[in-house]
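Structure at a glance
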Amino acid sequence: MSPIKVKTLTREIIALADGLGLNAVPEYRTPDGTRIDIAILNGERKLLAIELEASFKWFPQRLLYDVVKAHRAGFPELWVVSNFNSKPGWILSYAAETGITLRILKEKEVLEKLRARLARL
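The present account deals with the structure reproduced in this document. Just so it is clear, the structure is predicted and the values come from calculations on it, not from any experiment.

1. Things to note about the pairing of strand E3 (residues 45-52)
Along any regular strand, the residues point their side chains to alternate faces of the sheet. Across the eight residues that make up E3, a large majority, six, are buried. Relative to E3, strand E2 (residues 35-42) is paired through five bridges, and the arrangement is antiparallel. Residue pairing in the sheet places Ala 39 in a bridge with Ala 49 of E3. Linking E2 to E3, which pair antiparallel, is a turn of two residues; within it Gly 43 sits at a positive phi near 70 degrees. Pairing of E3 with strand E4 (residues 77-81), which is carried by four bridges, proceeds in the parallel orientation. By the bridge assignment, Glu 51 is partnered in E4 with Val 80. As a crossover connection, the stretch from E3 through helix H2 (residues 59-73) into E4 is right-handed.

This is how it looks when you write it as structure tokens:
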């Protein structure tokens, strides 16, 4: 399993969002001082937080932290991109309890799904 090409994928996501008239902000700084890898915004409206998880080490803990960051920053949806086969377990239901729609995607599918998701806005 190959690691995610973080810089390349970040550039591609930013270009896709820009092409659709949205703003993609890399390393989005949240009000409490944490960072989200990529934030998709429509003006000031927060649409989608994207986290790129290139490491399998401590994945459940990273996933939980990603959910907490997205929730605290006010994002309704979080996509976590990881090429590893992981089982999020109870974190999926926790995300739902906080009102976050959580999706875990592979690198090869994220651009196609993002294009479809942003085109529906």
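2. Some points on the packing of aromatic side chains
For the coordinates displayed, the defined rule picks out two aromatic pairs. A ring pair is formed by Tyr 28 and Phe 75, whose centres lie 5.6 Å apart and whose planes are at 85 degrees; its orientation type is edge-to-face. Taken as a pair, Tyr 28 in strand E1 (residues 23-29) and Phe 75 in the loop between H2 and E4 lie far apart in primary sequence, 47 residues in all. You can call Phe 75 buried: its relative accessible area is 2%. On the basis of an interplanar angle of 70 degrees and a centroid distance of 6.3 Å, the ring pair of Trp 90 and Tyr 94 is categorised as edge-to-face. With Trp 90 and Tyr 94 both in helix H3 (residues 90-98) and four residues apart, the pair spans about one turn of that helix. On the basis of relative accessible area, Trp 90 is assigned to the exposed category, the value being 56%.

3. Examining the side chain of Asp 66
Among the structural elements, Asp 66 can be located in helix H2. The class of Asp 66 is buried, set by a relative accessible area of 3%. Setting aside its immediate chain neighbours within four residues, Asp 66 contacts Glu 51, Glu 53, Leu 78 and Val 80.

4. Looking at the environment of Phe 56
By the element assignment, Phe 56 lies in the loop between E3 and H2. The spacing of Phe 56 and Lys 108 is 52 residues in sequence and 17 Å in space, taken between C-alpha atoms. Ignoring any residue separated from it by four or fewer positions in sequence, one finds Phe 56 in contact with Phe 84, Asn 85 and Ser 86.

What counts as what
Residues numbered from 1 in each chain as written. Predicted model: local features only at pLDDT ≥ 70, side-chain atom pairs only at ≥ 80, totals over all residues. Heavy atoms only, no water. Buried < 20%, exposed > 50% of the residue type's maximum accessible area, 1.4 Å probe, protein only. Helix = DSSP H or I, 4+ residues; strand = E, 2+ residues; numbered from the N terminus. Pairing = 2+ DSSP bridges. Right-handed = clockwise from strand over helix to strand, strands pointing away. Phe/Tyr/Trp six-rings, centres within 6.5 Å; stacked < 30°, edge-to-face > 60°. Contact = heavy atoms within 4.5 Å.

Any functional reading would require information that these geometric values do not contain.
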